[in-house]
Amino acid sequence: MKPQKFMETISSPVSGTSPSGRALPGATIVLTISQGPRMITVPPIPATDTVAQAKAALHAAGLTVSSATKPVGAASNPQIGTVAGTTPAEGTSWPENKPVFVDVVAGLALPNLVGQDIGTIQAWAGQHNVNVQPTQVDSSQPQGTIVAQSPAPTTPVQPGQTVSVSVSNGPPMVPVPDVTGQSCSDAQHTLQQDGFQVQVQQGIFGNLFGDKVQSISPTGQAPSGSTITLQCGQGHF
């Protein structure tokens, strides 16, 4: 009779068996289940510590410490080379066999510039001795709005460093159809088909003179997607 084979699903990793190698059919096999690496809470590191002192404190806690440090930015008045904590942060439960990095201030933390006006950011850059290199791009955002940046937010930057930004030229200008004299509803439909927003101002004599477009603003050309104002139903005795 062939020996029966049994299979059991083990969710945790098996670190060993006893006996190992071969065993007789029906023998008892003892599995040693790994509980995973020991978890250690990352201790706080005083800002006054040197990098060597910070690494020693992490080693003393039983953690694995990376030989490299992690450059980080400070929100203001960066003190280059000072310790700014750890990655992961203090209080984190961390596997003893995964490296912990000592964070070291490498410059000013670059804010998120996207959505800001280029003039405002140029003034900020002047205050912090940072160079801003703008590139004009087509965008649906208002003219002068920053739509992209390099390097990314929170990246540490040092005095004299250049930050590249993409600045919107503003929405493209498109012709505004002359809908003067049309019914207000037809004019509104025409403008909306062309991608404009429409605001209707109803005149006080609309019932006497009909619901016609008396004036339109702006005329000629306007930014794509902008608002066109229609004056409807206004007349004179």
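Our subject in this report is the structure included herewith. Here the structure is a predicted model, which means the values were calculated and not measured. (Residues numbered from 1 in each chain as written. Predicted model: local features only at pLDDT ≥ 70, side-chain atom pairs only at ≥ 80, totals over all residues. Heavy atoms only, no water.)

## Section: the side chain of serine 168
Consideration 1: On the secondary structure map, serine 168 appears in strand E12 (residues 162–168).
Consideration 2: By relative accessible area, serine 168 is classed as buried at 0%.
Consideration 3: In this structure the side chain of serine 168 is engaged in a polar contact, spanning 2.9 Å, whose partner is the backbone nitrogen of glycine 170.
Consideration 4: Contact partners of serine 168, with chain neighbours within four places excluded, come to Gln136, Val137, Ser139, Gln141, Pro142, Gln143, Gly144, Thr145 and Val147. (Helix = DSSP H or I, 4+ residues; strand = E, 2+ residues; numbered from the N terminus. Buried < 20%, exposed > 50% of the residue type's maximum accessible area, 1.4 Å probe, protein only. Polar contact = N/O pair within 3.5 Å; in protein donor to acceptor, adjacent residues only side chain to side chain. Contact = heavy atoms within 4.5 Å.)

## Description of the state of the cysteines
Consideration 1: Scanning the entire structure with this criterion turns up one disulfide.
Consideration 2: Shown here is the disulfide that connects cysteine 184 with cysteine 232, its sulfur atoms set 2.3 Å apart. On the sign convention where negative is left-handed, the bridge of cysteine 184 and cysteine 232, at about 75° about the S-S bond, is right-handed. Of the two residues, cysteine 184 sits in helix H3 (residues 184–193) while cysteine 232 sits in strand E17 (residues 227–232), which places them 48 residues apart along the sequence.
Consideration 3: Owing to a relative accessible area of 4%, cysteine 184 belongs among the buried residues under this scheme.
Consideration 4: On the accessibility criterion, cysteine 232 (0% relative accessible area) is buried. (Disulfide = S-S within 2.5 Å.)

## Re the sheet that holds strand E9 (residues 131–137)
Consideration 1: Strand order in this open sheet of three strands is E9-E12-E10, and the pairing throughout is mixed. Whereas interior strands pair on both sides, the edge strands pair on one side only; in this sheet they are E9 and strand E10 (146–150). The average undirected angle you get between the axes of adjacent strands in this sheet is 25°.
Consideration 2: Relative to E12, E10 runs antiparallel, the two being bridged by four bridges. When the sheet's bridge partners are listed, glutamine 149 is paired in E12 with valine 165. (Pairing = 2+ DSSP bridges. Axes fitted to C-alpha atoms, helices over the stretch in contact; angles between N-to-C directions.)

## As for helix H1 (residues 51–60)
Consideration 1: Three or more residues of H1 are buried, namely Ala54, Lys55 and Leu58. The buried side chains of H1 occupy one side of the element, clustering within an arc of 95° when seen end-on. Exposed residues on H1 whose side chains face more than 90 degrees from its buried face are Ala52, His59 and Ala60.
Consideration 2: Packing partners of the buried residues in H1 comprise strand E4 (64–65), strand E6 (83–87) and strand E8 (99–109).
Consideration 3: Positive phi appears at glycine 62, one or two residues downstream of H1, with a value of about 95°. (Arc of directions from axis to C-beta.)

## Considering the environment of lysine 70
Consideration 1: Along the chain, the position of lysine 70 falls in strand E5 (residues 70–74).
Consideration 2: Separated by 34 residues in the primary sequence, lysine 70 and valine 104 place their C-alpha atoms 6.0 Å from one another.

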